[in-house]
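# What the coordinates show
One-letter residues, chain by chain:
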Amino acid sequence: LLQQALDLNMRGDNQRAIKALERALATDPRIGFDSYTVSFAATITGMPGQEAMQSLMPDDSKLEKMRRSGSSRKRRSGLYILLTYAVIIGAIMVLAGYLALPWFTIGTIEVTEPTTGQIFTVSEVWDLLEESLDTIPDSPETNDLLDAYSGINFDANGLDTSFYATGITDLGALVGMDKLADYINRLGAGLLAGLISNEELAVLESTNDAQPVQYALFAVPAGAFLALLLSMLLLLRGGSTFLWSVTIVMGLLVVIPCAYYFTVGEEALRTGINWMLFMEIATPEQSLIGLGFWISLAGGMLILLVPFIAMLTEPAPQTDF
């Protein structure tokens, strides 16, 4: 600002030079004690040096207001950093919930053992079956079978659920039974002849009747990843209305597909499976939405709502994007 005042004086615009010097003194009153500044103030005002400085220097009330304003900006800066980290946490929650945790939990379905009447979950039944296979003598054939069984997982994460929902992969791939299906197809009339029928194999190889809206599930990790990049920009460049607004859009990219999956998508997947051929059970009425979905939804809500808090609290100084 002082240099700006000097430049204005050089161009003969002393009125604007005086205003620029006033702003410079308001920003840093210490320059008012510099002999060069005092001489310059006298030159542009036509007043004696000390008298010129007294007329240009902010009074005590203005200095106190500036001190409070600076303190407030520091507090706001801390708040914006905190809110930006909240967006980062939200994005990580979305990605972790989508990529690492279950969205479609077939393993939680309860089945009744016909002879004892005991109730087990599908995952518990499969664990018992896998334990019984450990007693089979080792051979190349049984080792391949155990390897096929080890890949089975009835709790599909968000990515696998999206692949199945859009018809990219089949039911066997969704639950990790594709290796088992391939193994049985290769085996023919060998060890497992008669254990799984051709109709049951056909169910494992069936795909979901995908609708265009189901492709929106892939927007969940995309929105979270872009929100993560935006949060890095917010940390580097400071808060801006534009960046916060774009972050809101990324939050919508996460939340809207989650809302679809919660209201319609999961039920469409659940009722689209032939459960009688797949597991010899009736179509489950319970929701199969897993923990990963709820974590992703919570992260998406953070990404969506935090920018509103940031902009409503008090907009940060604008930054050119």
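About the cut-offs
Residues numbered from 1 in each chain as written. Predicted model: local features only at pLDDT ≥ 70, side-chain atom pairs only at ≥ 80, totals over all residues. Heavy atoms only, no water. Helix = DSSP H or I, 4+ residues; strand = E, 2+ residues; numbered from the N terminus. Buried < 20%, exposed > 50% of the residue type's maximum accessible area, 1.4 Å probe, protein only. Contact = heavy atoms within 4.5 Å. Areas by Shrake-Rupley, 256 points an atom, 1.4 Å probe, with all protein chains shown as cover. Expected span 1.5 Å × (residues − 1). Bend = angle between axes of the 7 residues up to and from the residue. Core = buried A, V, L, I, M, F, W, Y, C linked by side-chain atoms within 4.5 Å. Axes fitted to C-alpha atoms, helices over the stretch in contact; angles between N-to-C directions. Parallel < 35°, antiparallel > 145°, perpendicular 65-115°, else oblique. Nonpolar A, V, L, I, M, F, W, Y, C, P; charged D, E, K, R; others polar. Phe/Tyr/Trp six-rings, centres within 6.5 Å; stacked < 30°, edge-to-face > 60°. Salt bridge = Lys/Arg side-chain N within 4 Å of Asp/Glu carboxyl O.

### Things to note about the overall build of the chain
The helix and strand inventory of the chain stands at 15 helices and 4 strands. Looking at the chain as a whole, 40% of its 321 residues qualify as buried. The contacts of the chain with a sequence gap of at least 6 include a subset with a gap of at least 24, amounting to 71%. With the model as given, the accessible surface of the chain reaches about 17300 Å², and the carbon-plus-sulfur share is 60%.

### Observations regarding helix H13 (residues 241–271)
With 31 residues, H13 ought to run about 45 Å at 1.5 Å a step, and its terminal C-alpha atoms sit 44 Å apart, in line with that. At Tyr261, H13 shows its maximal kink, close to 55°.

### Things to note about the nonpolar core
Of all hydrophobic cores here, the largest spans 55 residues; its most connected members are Phe104, Ile106, Phe154, Met177, Trp275 and Phe278. Residues in contact with Ile106, not counting those within four places in the same chain, are Val122, Phe154, Asp155, Leu174, Val175, Trp275, Phe278, Met279 and Leu288. If you look at the next biggest cluster of nonpolar residues, it comprises 15 residues, including Ala5, Phe40, Ile44 and Met53.

### Considerations on the packing of helix H1 (residues 2–10) against helix H2 (residues 14–27)
Direction vectors running N to C along H1 and H2 enclose 170°, while the axes themselves pass 8 Å from each other. Taken as axis vectors, H1 and H2 run roughly antiparallel relative to one another. Between H1, through Leu2, Gln4, Ala5, Leu8 and Asn9, and H2, the contact on the second element is made entirely by Asn14, Arg16, Ala17, Ala20, Leu21, Arg23 and Ala24. Counted by class, the contact of H1 with H2 contains 7 nonpolar, 3 polar and 2 charged residues.

### Concerning the packing of aromatic side chains
Summed over all chains, the structure comprises 9 aromatic pairs. Consider the rings of Trp103 and Tyr261, whose centres lie 5.2 Å apart with planes at 45°: the pair is tilted. Here Trp103, found in strand S1 (residues 102–105), pairs with Tyr261, found in helix H13; they are 158 residues apart in sequence, far enough to count as distant. The burial state of Trp103 is the same as that of Tyr261; both residues are buried. Where Phe293 meets Trp294, the ring centres are 5.0 Å apart and the plane angle is 75°; that geometry is what we call edge-to-face. Through a chain of ring-to-ring contacts, three or more aromatic side chains come together here, namely Tyr98, Trp103, Tyr261, Phe262, Phe293 and Trp294.

### Let's talk about the environment of Glu285
Within the fold, Glu285 resides in the loop between helix H14 (275–279) and helix H15 (291–313). Considering only alpha carbons, one finds Glu285 and Glu267, 18 residues apart in sequence, at a separation of 8.9 Å.

### As for H15
Given a rise of 1.5 Å per residue, 23 residues ought to cover 33 Å, and the 32 Å separating the end C-alpha atoms of H15 matches this to within 8%. At Leu305, H15 shows its maximal bend, which comes to roughly 25°, and the proline Pro307 appears one to four places after that position.

### Notes on the environment of Pro29
Tracing the backbone shows Pro29 in the loop between H2 and helix H3 (35–45). Pro29 sits in the partly exposed class, given a relative accessible area of 22%. For the pair Pro29 and Met57, spaced 28 residues apart in sequence, the C-alpha to C-alpha distance is 7.1 Å.

### Considerations on the side chain of Thr247
Secondary-structure assignment places Thr247 in helix H13. Excluding anything up to four places from it in sequence, Thr247 contacts Val87, Leu230, Leu234, Ile303 and Pro307.

### With respect to the side chain of Arg270
Counting through the fold element by element, Arg270 comes out in helix H13. With residues up to four places along the chain from it excluded, the contact list for Arg270 reads Phe104, Trp275, Thr283, Pro284, Glu285, Gln286, Ser287 and Leu288.

### Examining the pattern of salt bridges
Under the criterion given, the structure shown has 2 salt bridges. Taking the shortest distance from any N to any O, the salt bridge between Asp13 and Arg16 comes out at 3.7 Å. Overall, Asp13 belongs to the partly exposed group, its relative accessible area being 24%. A salt bridge links Arg270 to Glu266, with the shortest nitrogen-to-oxygen separation between them at 2.8 Å. Of this pair, Arg270 and Glu266 both sit in helix H13, 4 residues apart, roughly one helical turn. Residue Arg270 shares its accessibility class with Glu266, and that shared class is buried.

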